[in-house]
Structures are given as structure tokens and as C-alpha cells.
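Listed below, chain by chain, are the residues.
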Amino acid sequence: QVQVVESGGGLVQPGESLRLSCATSGSIRRIYAMGWYRQAPGKQRELVAAVTWDGSTTYADSVKGRFTISRDNAKKLAYLQMNSLKPEDTAVYYCYVQPTTTTTNYWGQGTQVTVSS
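Remember, predicted model here, so these are calculated numbers, not experimental data.

(A) Structural view of the overall build of the protein chain. Scanning the protein chain for helices and strands turns up zero helices and eleven strands. Against the compact-globule benchmark of 13 Å for 117 residues, the protein chain has a radius of gyration of 14 Å, which places it among compact chains. With respect to the three principal axes, the spread of C-alpha positions in the protein chain is 45 × 25 × 25 Å. Relative to its 117 residues, the protein chain shows a buried fraction of 40%. Considering only contacts in the protein chain between residues 6 or more positions apart, those separated by 24 or more positions represent 54%. Roughly 6,500 Å² of accessible area belongs to the protein chain as shown, and the carbon and sulfur atoms make up 46% of that amount. Mean positive and mean negative side-chain charge positions of the protein chain (12 and 8 charges, respectively) differ by 7 Å.

Have a look at this one:
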């Protein structure tokens, strides 16, 4: 069984920063990719950022230059540094873990990020 747990969400003002963390535990030996999706009220879930085992990254256009994803392969951790936050970044952020290129992803329960003045 694999557990994925996010942390670090909260309420911030526009322009401020947050750092999300994603921890993986359980019976998983290797991880191909980890990443973050988000879902705002009334909207579809969208990919925010992802990082593969070799450090290759992908970002949504809306967060390029503001968000940075990183991972610690040995500790099975991923981080999302979010700077210059905007009200439109408000959403529940979900971490996912992709063990291989052909297996089902594991998901966390989500962490709320609210950007409001």
C-alpha cells in the first residue's frame, strides 16, 4: 500500500509565497515522476507541474516563472515552491506519484491554497 500526503497549504495574500510538500510512504520502490495538479471550484483539475526521476520538469503556462518543482529521490519527496501568488492560484492542490510510465498514479488527499487580500 502506498500513501501520498501533501502539506504546506494555507491562506496568503497576493504576491506572497508558499511551499508545498509531498511525502510518499509504503510499498513503492521507485518513482518515475511526481507532480502537482490543482482544482479550483467549478473548474476541471489541471496539471500545475511535474518532475521525472532525472529532473526533467513540466509547468503549466500560467505558473511558469513563478512556481518551481523539485524532488528528493532518496526520500521520495517532492516540493512545489510557489512565489508571486495570485488569486487565480486559489485551488486544492493534489500531489501524484507515478511509479512507472505504465502504472496507475497514486494521489494524495489535497491541500487547500487560498490567495486573497
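(B) Highlighting the pairing of strand β7 (residues 67-72). The alternating pattern of β7 places Phe67, Ile69 and Arg71 on a buried face and Thr68, Ser70 and Asp72 on a face that is not buried. Pairing between β7 and strand β8 (residues 77-82): six bridges, direction antiparallel. Residue pairing for β8: Ser70 is matched across the bridge by Tyr79. Linking β7 to β8, which pair antiparallel, is a turn of four residues; within it Lys76 sits at a positive phi near 55°.

(C) Region of interest: the sheet that holds strand β3 (residues 18-26). Spatially, the four strands line up as an open sheet ordered β1-β3-β8-β7, and their pairing is antiparallel. What marks the edges here is a single partner per strand, and that holds for β1 (2-7) and β7. Each neighbouring strand pair of the sheet contributes to a mean axis angle of 15°, computed without reference to strand direction.

(D) Structural view of the environment of Phe67. Mapped onto the elements, Phe67 comes out in strand β7. Expressed as a C-alpha distance, the spacing of Phe67 and Gln81, which sit 14 residues apart in the sequence, is 5.5 Å. Filtering out sequence-adjacent residues up to four positions away, Phe67 remains in contact with Arg38, Val48, Tyr59, Leu80, Gln81, Met82, Asn83, Leu85, Asp89 and Tyr93.

(E) Local environment of the pairing of β3. Where β1 meets β3, six bridges bridge the pair, whose relative direction is antiparallel. Residue pairing in the sheet places Val2 in a bridge with Gly26 of β3. Where β3 lies against β8, six bridges are found, and the strand directions are antiparallel. Of the residues in β8, the one forming a bridge with Leu20 is Leu80.

(F) Layout of the pattern of salt bridges. For the structure shown, the criterion picks out four salt bridges. Its salt-bridge partner being Asp89, residue Arg38 comes within 3.0 Å of it at the nearest N-O pair. In this pair, Arg38 is assigned in strand β4 (residues 33-39) and Asp89 in the loop between β8 and β9 (91-98), connecting sequence segments 51 residues apart. Residues Arg38 and Asp89 agree in their burial class; the two are buried. Of the charged contacts, one joins Arg66 and Asp89 as a salt bridge, the two residues approaching to 2.8 Å between their closest N and O atoms. Of the two residues, Arg66 is situated in the loop between β6 (57-59) and β7 and Asp89 in the loop between β8 and β9; the sequence distance between them amounts to 23 residues. The exposure class of Asp89 is buried, given its relative accessible area of 0%. A single salt-bridge network, built from bridges that share partners, covers Arg38, Glu46, Arg66 and Asp89.

Conventions and cut-offs
- Residues numbered from 1 in each chain as written.
- Predicted model: local features only at pLDDT ≥ 70, side-chain atom pairs only at ≥ 80, totals over all residues.
- Heavy atoms only, no water.
- Helix = DSSP H or I, 4+ residues; strand = E, 2+ residues; numbered from the N terminus.
- Rg over C-alpha atoms; globule rule 2.2 N^0.38 Å.
- Buried < 20%, exposed > 50% of the residue type's maximum accessible area, 1.4 Å probe, protein only.
- Contact = heavy atoms within 4.5 Å.
- Areas by Shrake-Rupley, 256 points an atom, 1.4 Å probe, with all protein chains shown as cover.
- Lys, Arg positive; Asp, Glu negative; His and termini not counted.
- Charge placed at Lys NZ, Arg CZ, Asp CG, Glu CD.
- Pairing = 2+ DSSP bridges.
- Axes fitted to C-alpha atoms, helices over the stretch in contact; angles between N-to-C directions.
- Salt bridge = Lys/Arg side-chain N within 4 Å of Asp/Glu carboxyl O.

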